[in-house]
Amino acid sequence: LRRAYPDLPSWPPPRPVAVADLKEKTWYPKAPAGELPPGTDRSLKELLKVVRPDDVILIKHPGPGELKVDGEELRAAGRVGEAPDLRVTFRPAPGSNPVLAIEGDDDIDQTLFKMKGGEVTFEGLQFRLKPKGEQTVAAVAVLGGKSCTFKSCVFTLAEEDGSKAAAVHLPDLK
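Let me sum up the structure you'll find in this document.

1. Digging into the sheet that holds strand S10 (residues 126-129)
Then, number 1: If you walk across this open sheet you meet the four strands as S4-S7-S10-S13, and the pairing is parallel. This sheet does not close on itself; its edge strands, each paired only once, are strand S4 (66-69) and strand S13 (154-157). Mean inter-strand twist for the sheet, computed between neighbouring axes without regard to direction, equals 25 degrees.
Then, number 2: Note that strand S7 (residues 99-102) and S10 share three bridges and pair parallel. The partner of Leu100 across the bridge, within S10, is Phe127.

So, in structure tokens, the structure goes:
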């Protein structure tokens with residue numbers, strides 16, 4: 001079969017992919033300026049708004065150095081007529097080796113993520129938690145939800161002078 005114009009793309013053209021339909025989304029906080037591919041965002045907060053159950057969030061960090069996170073809320077963004085249920089997995093993007101660390105250092109209790117519902121799994125990530133003064137520092141503060149799982153993760157917990165560091169913190173909500 002020969003075509004008169006072989007350089008033209010086939011018809012019909014491919015349909016655009018909706019970001020919500022992608023099962024893998026990429027968080028690329030230090031992405032270079034310009035347009036990002038579908039399913040990639042510089043803001044984790046914006047990415048979590050379009051996450052559906054069983055999605056995977058790939059963390060792309062070119063390194064070296066730490067990737068600073070400051071209390072990102074992990075909860076389901078409910079749509080009208082749907083019961084919100086967060087089931088998400090965080091893992092490094094291919095070729096990335098992010099080391100997650102606390103951004104702020106003002107509060108007494110500091111956490112990288114605040115889990116408010118659903119299920120969260122962290123796979124193959126590194127966490128560096130170093131409190132300052134009398135702080136309590138944790139990778140995840142579980143305020144609600146079903147489960148928080150860590151698979152093949154590495155934690156560096158540097159406690160000194162009455163400070164506390166933990167992988168998971170269960171705050172006293174009374």
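Moving on, there is more to tell.
2. Quick notes on the pattern of salt bridges
Then, number 1: This model, assessed by the stated rule, comprises eight salt bridges.
Then, number 2: The salt bridge partner of Asp55 is Lys23, with a shortest N-O separation of 3.4 Å. A residue pair is termed long-range when its members are at least 10 positions apart, and Asp55 in strand S3 (residues 55-59) and Lys23 in the segment before strand S1 (24-27) qualify at 32 residues.
Then, number 3: In this structure, Glu66 engages Arg128 in a salt bridge whose closest nitrogen and oxygen atoms are separated by 2.9 Å. Of this pair, Glu66 sits in strand S4 while Arg128 sits in strand S10, and the two are 62 residues apart along the sequence.
Then, number 4: Glu66 gets classed as partly exposed once you look at its relative accessible area, which sits at 24%.
Then, number 5: Residue Arg128 is classed as partly exposed on the basis of its relative accessible area, which comes to 37%.
Then, number 6: Three or more residues are tied together by salt bridges with common partners; here these are Lys23, Lys25 and Asp55.

Thresholds applied
Residues numbered from 1 in each chain as written. Predicted model: local features only at pLDDT ≥ 70, side-chain atom pairs only at ≥ 80, totals over all residues. Heavy atoms only, no water. Pairing = 2+ DSSP bridges. Helix = DSSP H or I, 4+ residues; strand = E, 2+ residues; numbered from the N terminus. Axes fitted to C-alpha atoms, helices over the stretch in contact; angles between N-to-C directions. Salt bridge = Lys/Arg side-chain N within 4 Å of Asp/Glu carboxyl O. Buried < 20%, exposed > 50% of the residue type's maximum accessible area, 1.4 Å probe, protein only.

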